[in-house]
Amino acid sequence: MEAPGRGQVALSLPSPLVELQGDDRLHRHGVRLLLKRDDLIHPELPGNKWRKLSRNLSTAAAQGHRTLLTFGGAYSNHIRATAAAGRLFGFSTVGVIRGEERLPLNPSLRYAVQQGMQLVYLDRSTYRAKHTPAVQDVLRRTWDEPYVLPEGGSNALAVLGCAELPAEIGSDVDVVCCPVGTGGTLAGIAGGLGAGQQAIGFAVLKGAGFLCEEVRHLQGSAFGAVTENWDIELGFHFGGYARQNPLLAEFVADFEARHGLRLDWVYVAKMMAGIFSLIEQGRFAAGTRVVAVVTGGA
Ligand SMILES: *Cc1c(COP(=O)(O)O)cnc(C)c1O
(Lines give C-alpha, C1' and ligand atoms only; values in the text may rest on other atoms or scores of the structure.)
Protein backbone atom coordinates (compact mmCIF):
# COMPACT_ATOMS: atom_id res chain seq x y z
CA MET A 1 0.00 0.00 0.00
CA GLU A 2 1.42 3.34 -1.03
CA ALA A 3 0.34 6.63 0.45
CA PRO A 4 -1.38 8.74 -2.22
CA GLY A 5 1.13 10.74 -4.19
CA ARG A 6 4.05 9.22 -2.32
CA GLY A 7 5.82 8.88 -5.64
CA GLN A 8 5.98 12.66 -6.03
CA VAL A 9 7.31 13.32 -2.53
CA ALA A 10 11.07 12.79 -2.38
CA LEU A 11 11.99 10.97 0.82
CA SER A 12 15.57 10.14 1.79
CA LEU A 13 15.10 6.54 2.84
CA PRO A 14 16.91 4.69 4.19
CA SER A 15 18.22 7.65 6.15
CA PRO A 16 22.03 7.99 6.44
CA LEU A 17 23.95 6.19 9.19
CA VAL A 18 27.16 8.04 10.08
CA GLU A 19 29.75 7.30 12.73
CA LEU A 20 30.95 10.08 15.02
CA GLN A 21 34.67 10.62 14.53
CA GLY A 22 37.37 12.04 16.72
CA ASP A 23 35.49 12.24 20.01
CA ASP A 24 37.83 11.48 22.93
CA ARG A 25 34.86 10.74 25.23
CA LEU A 26 34.10 7.72 23.05
CA HIS A 27 37.69 6.62 22.48
CA ARG A 28 38.36 6.55 26.22
CA HIS A 29 35.73 3.86 26.66
CA GLY A 30 36.19 2.07 23.35
CA VAL A 31 32.59 2.78 22.39
CA ARG A 32 31.52 3.49 18.81
CA LEU A 33 28.61 5.88 18.34
CA LEU A 34 26.70 6.17 15.07
CA LEU A 35 23.97 8.68 14.22
CA LYS A 36 20.89 7.48 12.35
CA ARG A 37 19.99 10.73 10.59
CA ASP A 38 16.20 10.46 10.45
CA ASP A 39 16.13 14.26 10.59
CA LEU A 40 17.19 14.16 6.92
CA ILE A 41 14.24 12.04 5.68
CA HIS A 42 12.29 15.09 4.49
CA PRO A 43 12.50 18.80 5.36
CA GLU A 44 8.84 18.98 6.40
CA LEU A 45 8.26 15.41 7.54
CA PRO A 46 11.35 14.82 9.59
CA GLY A 47 12.35 11.75 11.42
CA ASN A 48 10.06 9.68 13.49
CA LYS A 49 7.08 11.81 12.46
CA TRP A 50 7.31 10.45 8.92
CA ARG A 51 7.79 6.87 10.14
CA LYS A 52 4.75 7.21 12.41
CA LEU A 53 2.52 8.78 9.74
CA SER A 54 3.47 6.64 6.76
CA ARG A 55 1.21 3.61 7.32
CA ASN A 56 -1.55 5.79 8.73
CA LEU A 57 -1.62 7.82 5.50
CA SER A 58 -1.85 4.77 3.26
CA THR A 59 -4.55 3.26 5.49
CA ALA A 60 -6.54 6.51 5.54
CA ALA A 61 -6.40 6.67 1.75
CA ALA A 62 -7.32 3.00 1.33
CA GLN A 63 -10.33 3.52 3.59
CA GLY A 64 -11.45 6.49 1.49
CA HIS A 65 -10.87 9.22 4.08
CA ARG A 66 -10.22 12.71 2.71
CA THR A 67 -9.51 14.36 6.06
CA LEU A 68 -6.99 13.72 8.84
CA LEU A 69 -7.86 14.87 12.35
CA THR A 70 -5.46 14.86 15.25
CA PHE A 71 -4.72 16.39 18.64
CA GLY A 72 -1.89 18.26 20.27
CA GLY A 73 -0.60 21.11 22.38
CA ALA A 74 0.18 24.47 20.80
CA TYR A 75 3.85 23.52 20.22
CA SER A 76 3.31 19.95 19.00
CA ASN A 77 5.71 18.65 16.33
CA HIS A 78 3.07 16.04 15.51
CA ILE A 79 0.53 18.77 14.63
CA ARG A 80 3.09 20.41 12.33
CA ALA A 81 3.98 17.11 10.66
CA THR A 82 0.33 16.11 10.17
CA ALA A 83 -0.40 19.48 8.57
CA ALA A 84 2.58 19.08 6.21
CA ALA A 85 1.64 15.48 5.38
CA GLY A 86 -1.90 16.57 4.54
CA ARG A 87 -0.66 19.15 2.08
CA LEU A 88 1.93 16.84 0.51
CA PHE A 89 -0.38 13.82 0.21
CA GLY A 90 -3.68 15.52 -0.55
CA PHE A 91 -5.69 15.30 2.68
CA SER A 92 -7.57 18.07 4.43
CA THR A 93 -6.33 18.37 8.01
CA VAL A 94 -7.90 19.38 11.29
CA GLY A 95 -5.80 20.08 14.38
CA VAL A 96 -7.61 19.90 17.71
CA ILE A 97 -5.54 22.07 20.03
CA ARG A 98 -5.51 21.95 23.84
CA GLY A 99 -6.56 25.19 25.52
CA GLU A 100 -7.66 28.58 24.32
CA GLU A 101 -6.75 30.27 21.08
CA ARG A 102 -3.86 32.71 21.53
CA LEU A 103 -3.25 35.37 18.90
CA PRO A 104 -0.96 35.95 17.22
CA LEU A 105 -0.43 32.25 16.56
CA ASN A 106 2.93 30.85 17.63
CA PRO A 107 5.30 29.73 14.83
CA SER A 108 4.21 26.05 15.05
CA LEU A 109 0.51 26.79 14.66
CA ARG A 110 1.13 29.48 12.06
CA TYR A 111 3.06 26.90 10.05
CA ALA A 112 0.18 24.39 10.42
CA VAL A 113 -2.33 26.95 9.15
CA GLN A 114 -0.04 27.81 6.23
CA GLN A 115 -0.13 24.12 5.29
CA GLY A 116 -3.92 24.36 5.16
CA MET A 117 -4.76 22.89 8.56
CA GLN A 118 -7.96 24.06 10.27
CA LEU A 119 -7.52 24.57 13.99
CA VAL A 120 -10.14 23.85 16.64
CA TYR A 121 -9.58 24.64 20.31
CA LEU A 122 -10.87 22.52 23.18
CA ASP A 123 -10.87 23.70 26.77
CA ARG A 124 -8.66 21.61 28.98
CA SER A 125 -11.34 19.38 30.50
CA THR A 126 -12.96 18.55 27.12
CA TYR A 127 -9.47 18.01 25.72
CA ARG A 128 -8.75 15.49 28.46
CA ALA A 129 -11.85 13.57 27.30
CA LYS A 130 -10.73 13.72 23.64
CA HIS A 131 -10.43 9.96 23.18
CA THR A 132 -13.90 9.19 24.64
CA PRO A 133 -16.71 8.18 22.25
CA ALA A 134 -18.78 11.26 23.22
CA VAL A 135 -16.15 13.79 22.11
CA GLN A 136 -15.00 11.70 19.13
CA ASP A 137 -18.59 11.36 17.85
CA VAL A 138 -19.00 15.12 17.74
CA LEU A 139 -15.65 15.58 16.00
CA ARG A 140 -16.34 12.82 13.46
CA ARG A 141 -19.75 14.27 12.60
CA THR A 142 -18.47 17.84 12.41
CA TRP A 143 -15.61 16.95 10.08
CA ASP A 144 -17.13 14.43 7.68
CA GLU A 145 -15.71 11.13 8.92
CA PRO A 146 -12.06 12.10 9.31
CA TYR A 147 -9.26 9.59 9.87
CA VAL A 148 -8.42 10.18 13.53
CA LEU A 149 -4.82 10.04 14.77
CA PRO A 150 -4.23 10.09 18.52
CA GLU A 151 -2.28 12.85 20.28
CA GLY A 152 1.40 12.48 19.43
CA GLY A 153 0.45 10.16 16.57
CA SER A 154 1.31 6.96 18.45
CA ASN A 155 -0.97 4.10 17.46
CA ALA A 156 -0.32 0.54 16.29
CA LEU A 157 0.37 1.62 12.68
CA ALA A 158 2.83 4.26 13.90
CA VAL A 159 4.66 1.63 15.94
CA LEU A 160 4.82 -0.69 12.92
CA GLY A 161 6.28 2.16 10.84
CA CYS A 162 9.04 2.75 13.41
CA ALA A 163 9.73 -1.00 13.50
CA GLU A 164 11.13 -0.61 9.96
CA LEU A 165 14.09 1.42 11.24
CA PRO A 166 16.31 -1.39 12.61
CA ALA A 167 16.38 -3.17 9.25
CA GLU A 168 18.03 -0.03 7.81
CA ILE A 169 20.80 -0.36 10.40
CA GLY A 170 21.45 -4.09 10.18
CA SER A 171 22.74 -6.58 12.70
CA ASP A 172 26.12 -4.89 13.11
CA VAL A 173 25.10 -2.76 16.11
CA ASP A 174 24.39 -3.61 19.73
CA VAL A 175 22.26 -0.81 21.15
CA VAL A 176 19.79 1.62 19.53
CA CYS A 177 18.87 4.78 21.47
CA CYS A 178 15.99 7.19 20.89
CA PRO A 179 14.23 10.00 22.74
CA VAL A 180 10.83 9.20 24.29
CA GLY A 181 7.81 11.52 24.18
CA THR A 182 4.77 9.25 23.95
CA GLY A 183 6.84 6.07 23.50
CA GLY A 184 5.63 5.08 20.03
CA THR A 185 9.06 5.37 18.48
CA LEU A 186 10.75 3.29 21.18
CA ALA A 187 7.98 0.66 21.04
CA GLY A 188 8.51 0.27 17.29
CA ILE A 189 12.31 0.31 17.24
CA ALA A 190 12.51 -2.29 20.02
CA GLY A 191 9.98 -4.43 18.18
CA GLY A 192 12.08 -4.34 15.00
CA LEU A 193 15.45 -5.26 16.57
CA GLY A 194 17.18 -8.56 16.00
CA ALA A 195 18.24 -11.13 18.59
CA GLY A 196 20.80 -9.77 21.05
CA GLN A 197 20.15 -6.11 20.18
CA GLN A 198 18.81 -3.68 22.75
CA ALA A 199 16.91 -0.38 22.72
CA ILE A 200 17.24 2.41 25.27
CA GLY A 201 14.74 5.27 25.38
CA PHE A 202 15.48 8.60 27.06
CA ALA A 203 12.38 10.24 28.53
CA VAL A 204 12.19 13.98 27.82
CA LEU A 205 9.48 14.58 30.42
CA LYS A 206 9.71 14.62 34.17
CA GLY A 207 7.98 11.91 36.23
CA ALA A 208 7.73 9.70 33.17
CA GLY A 209 7.55 6.34 34.95
CA PHE A 210 4.13 5.75 33.35
CA LEU A 211 5.83 5.53 29.95
CA CYS A 212 6.95 1.92 30.52
CA GLU A 213 3.33 0.83 30.72
CA GLU A 214 2.54 2.97 27.68
CA VAL A 215 5.29 1.34 25.59
CA ARG A 216 4.15 -2.13 26.69
CA HIS A 217 0.60 -1.24 25.68
CA LEU A 218 1.70 0.12 22.28
CA GLN A 219 3.80 -2.99 21.59
CA GLY A 220 0.86 -5.19 22.52
CA SER A 221 -1.42 -3.36 20.10
CA ALA A 222 1.13 -3.44 17.26
CA PHE A 223 2.78 -6.85 17.67
CA GLY A 224 0.41 -8.77 19.96
CA ALA A 225 3.31 -9.17 22.39
CA VAL A 226 5.76 -7.16 24.47
CA THR A 227 9.49 -7.46 23.70
CA GLU A 228 11.78 -7.43 26.72
CA ASN A 229 14.74 -5.84 24.95
CA TRP A 230 14.21 -2.21 25.96
CA ASP A 231 14.53 0.14 28.87
CA ILE A 232 13.68 3.79 29.57
CA GLU A 233 16.15 6.16 31.24
CA LEU A 234 14.20 8.64 33.37
CA GLY A 235 17.06 10.83 34.61
CA PHE A 236 17.75 13.01 31.57
CA HIS A 237 14.69 15.30 31.31
CA PHE A 238 16.72 18.41 32.32
CA GLY A 239 13.79 19.93 34.21
CA GLY A 240 10.85 18.59 32.18
CA TYR A 241 9.24 18.71 28.77
CA ALA A 242 10.51 21.60 26.63
CA ARG A 243 12.60 22.85 29.56
CA GLN A 244 16.31 23.31 29.34
CA ASN A 245 19.07 24.31 31.70
CA PRO A 246 22.63 25.63 31.32
CA LEU A 247 24.11 22.11 31.39
CA LEU A 248 22.02 21.09 28.39
CA ALA A 249 22.78 24.34 26.56
CA GLU A 250 26.49 23.75 27.13
CA PHE A 251 26.20 20.17 25.89
CA VAL A 252 24.44 21.34 22.71
CA ALA A 253 27.06 24.04 22.03
CA ASP A 254 29.94 21.62 22.68
CA PHE A 255 28.40 18.93 20.46
CA GLU A 256 27.96 21.42 17.62
CA ALA A 257 31.56 22.61 17.99
CA ARG A 258 32.89 19.03 17.90
CA HIS A 259 30.63 17.53 15.23
CA GLY A 260 29.05 20.40 13.30
CA LEU A 261 25.53 19.28 14.09
CA ARG A 262 23.07 21.41 16.05
CA LEU A 263 20.80 19.14 18.11
CA ASP A 264 17.10 19.71 18.71
CA TRP A 265 17.10 20.44 22.43
CA VAL A 266 13.52 19.32 23.20
CA TYR A 267 14.24 15.69 22.28
CA VAL A 268 17.52 14.80 20.61
CA ALA A 269 19.90 16.76 22.84
CA LYS A 270 18.50 15.12 25.99
CA MET A 271 19.00 11.66 24.52
CA MET A 272 22.51 12.50 23.34
CA ALA A 273 23.52 13.97 26.70
CA GLY A 274 22.11 10.82 28.31
CA ILE A 275 24.12 8.55 26.01
CA PHE A 276 27.40 10.33 26.80
CA SER A 277 26.56 10.18 30.48
CA LEU A 278 25.93 6.41 30.33
CA ILE A 279 29.20 5.96 28.42
CA GLU A 280 31.02 8.00 31.09
CA GLN A 281 29.45 5.76 33.77
CA GLY A 282 30.87 2.71 32.01
CA ARG A 283 27.47 1.32 31.11
CA PHE A 284 28.73 0.02 27.72
CA ALA A 285 31.55 -2.50 27.41
CA ALA A 286 34.49 -1.62 25.16
CA GLY A 287 33.66 -2.50 21.59
CA THR A 288 29.92 -1.75 21.97
CA ARG A 289 28.37 -0.17 18.87
CA VAL A 290 25.66 2.30 19.84
CA VAL A 291 23.26 4.00 17.43
CA ALA A 292 21.59 7.30 18.37
CA VAL A 293 18.46 7.98 16.33
CA VAL A 294 18.35 11.68 15.43
CA THR A 295 14.55 11.77 15.39
CA GLY A 296 14.26 15.38 14.29
CA GLY A 297 16.20 18.51 13.43
CA ALA A 298 17.00 21.64 15.41
C1 LIG B 1 7.71 13.69 18.45
C2 LIG B 1 9.17 13.52 18.61
C3 LIG B 1 9.73 12.51 19.45
C4 LIG B 1 8.87 11.64 20.34
O5 LIG B 1 8.45 10.44 19.74
P6 LIG B 1 7.43 9.49 20.51
O7 LIG B 1 7.12 8.43 19.53
O8 LIG B 1 6.22 10.32 20.85
O9 LIG B 1 8.07 8.98 21.75
C10 LIG B 1 11.11 12.40 19.49
N11 LIG B 1 11.90 13.22 18.77
C12 LIG B 1 11.42 14.20 17.99
C13 LIG B 1 12.37 15.09 17.27
C14 LIG B 1 10.04 14.39 17.89
O15 LIG B 1 9.55 15.39 17.13
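Reading guide: rules and limits
- Residues numbered from 1 in each chain as written.
- Predicted model: local features only at pLDDT ≥ 70, side-chain atom pairs only at ≥ 80, totals over all residues.
- Heavy atoms only, no water.
- Pairing = 2+ DSSP bridges.
- Helix = DSSP H or I, 4+ residues; strand = E, 2+ residues; numbered from the N terminus.
- Contact = heavy atoms within 4.5 Å.
- Axes fitted to C-alpha atoms, helices over the stretch in contact; angles between N-to-C directions.
- Salt bridge = Lys/Arg side-chain N within 4 Å of Asp/Glu carboxyl O.
- Buried < 20%, exposed > 50% of the residue type's maximum accessible area, 1.4 Å probe, protein only.
- Expected span 1.5 Å × (residues − 1).
- Near = heavy atom within 4 Å.
- Polar contact = N/O pair within 3.5 Å; in protein donor to acceptor, adjacent residues only side chain to side chain.
- Areas by Shrake-Rupley, 256 points an atom, 1.4 Å probe, with all protein chains shown as cover.
- Phe/Tyr/Trp six-rings, centres within 6.5 Å; stacked < 30°, edge-to-face > 60°.
- Arc of directions from axis to C-beta.
- Parallel < 35°, antiparallel > 145°, perpendicular 65-115°, else oblique.
- Left-handed = near helix turned anticlockwise from the far one by under 90°.
- Nonpolar A, V, L, I, M, F, W, Y, C, P; charged D, E, K, R; others polar.

Undergrad: In this structure, what is going on with the sheet that holds strand S5 (residues 118-122)? I would like to understand it.
TA: Hydrogen bonds between backbone atoms are what pair the strands of a sheet, whose relative direction is either parallel or antiparallel. The strand order S5-S4-S3-S6 describes an open sheet built from four strands, whose pairing is parallel. Whereas interior strands pair on both sides, the edge strands pair on one side only; in this sheet they are S5 and strand S6 (147-148). Relative to S5, strand S4 (residues 92-98) runs parallel, the two being bridged by five bridges. The partner of Val94 across the bridge, within S5, is Gln118. Against the sheet, helix H3 (residues 77-89) engages strand S3 (67-72) and S4, with an angle of about 170° to S3.

Undergrad: Honestly, the pattern of salt bridges in this entry has me stumped. Any pointers?
TA: Summed over the entire model, instances satisfying the criterion amount to 21 salt bridges. Two residues, Glu44 and Arg87, come together in a salt bridge whose shortest N-O distance is 3.1 Å. Of this pair, Glu44 sits in the loop between strand S2 (32-36) and helix H2 (47-62) while Arg87 is found in helix H3, placing the two residues 43 residues apart along the sequence. Taking relative accessible area as the criterion, Glu44 reaches 24% and is therefore assigned partly exposed. Judged by relative accessible area, Arg87 falls into the partly exposed class, the value being 40%. A salt bridge links Glu164 to Arg55, with the shortest nitrogen-to-oxygen separation between them at 2.7 Å. One end of the pair, Glu164, is in the loop between helix H7 (156-162) and helix H8 (165-169); the other, Arg55, is in helix H2, and 109 residues separate them in sequence. A relative accessible area of 31% places Arg55 in the partly exposed class. Connected through shared salt-bridge partners, Asp23, Asp24, Arg25, Arg28, Asp254, Arg258 and Glu280 make up one network.

Undergrad: Would you explain helix H12 (residues 268-280) in this entry?
TA: A turn of α-helix holds 3.6 residues, and therefore any two residues three or four places apart point the same way. End to end, H12 covers 18 Å across 13 residues, agreeing with the expected 18 Å (1.5 Å per residue, within 8%). Two residues or fewer past H12, Gly282 is found with a positive phi of approximately 80°.

Undergrad: When you look at the site of the ligand in this model, what are you seeing that I'm missing?
TA: Taken together, the neighbourhood of the ligand is formed by 15 residues, with Lys49, Lys52, Thr182, Thr185 and Thr295 sitting nearest. At a separation of 2.9 Å, an oxygen atom of the ligand approaches a polar side-chain atom of Asn77. In this structure, Gly181 approaches the ligand through a main-chain N or O atom, which is 2.8 Å from an oxygen atom. Contact with the protein chains removes 96% of the 390 Å² of surface that the ligand exposes when unbound.

Undergrad: Hey, could you run me through the side chain of Thr295 in this one?
TA: The residue Thr295 is located in the segment after strand S10 (289-293) in this model. For Thr295, a relative accessible area of 8% translates into the label buried. With residues near it in sequence (within four places) discarded, Thr295 still touches Asp38, Pro46, Gly47, Asn48, Pro179, Thr185 and Val268.

Undergrad: What is the right way to look at the packing of aromatic side chains in this model?
TA: Any two aromatic rings considered together are summarised by their centre-to-centre distance and by the angle between their planes. Under the defined criterion, the tally for this structure stands at seven aromatic pairs. Measuring from centroid to centroid gives 5.6 Å for Trp50 and Phe89, while their planes differ by 25°, and the two rings are stacked. Of this pair, Trp50 sits in helix H2 while Phe89 sits in helix H3, placing them 39 residues apart in sequence. We note that Trp50, like Phe89, is buried.

Undergrad: What exactly am I supposed to notice about helix H10 (residues 211-223) here?
TA: Given a rise of 1.5 Å per residue, 13 residues ought to cover 18 Å, and the 18 Å separating the end C-alpha atoms of H10 matches this to within 8%. Buried within H10 are the following residues: Leu211, Val215, Leu218, Gln219 and Ala222. For H10, the buried positions fall inside an angular range of 100° around the axis, keeping them on one side. Summarising the geometry of H10, the exposed residues directed more than 90 degrees from the buried face are Glu213 and His217. The elements touched by buried residues of H10 are H7, strand S7 (175-180), helix H9 (184-192), strand S8 (198-203) and strand S9 (230-233). Note on H10: the residue one or two positions beyond its end, Gly224, has a positive phi of about 75°.

Undergrad: Got a minute to help me understand the pairing of S9 in this structure?
TA: A regular strand places its side chains on the two faces of the sheet in alternate fashion. Relative to S9, S8 runs parallel, the two being bridged by four bridges. Residue pairing across strands places Ala199 opposite Trp230, the latter belonging to S9.

Undergrad: Teacher, can you tell me more about the packing of H3 against helix H4 (residues 107-114) here?
TA: Two quantities define a packed helix pair, namely the angle between the helix axes and the distance between the axes. Viewed as axis vectors pointing N to C, H3 and H4 meet at an angle of 15°, and their least axial separation amounts to 8 Å. Of the possible angle classes, the one that applies to H3 and H4 is roughly parallel. Seen from above, H3 lies across H4 with left-handed handedness. For the pair H3 and H4, contact is made by Ile79, Arg80, Ala83 and Ala84 and by Pro107, Ser108, Leu109, Tyr111 and Ala112, respectively. Across the contact of H3 with H4, the residue classes break down as seven nonpolar, one polar and one charged.

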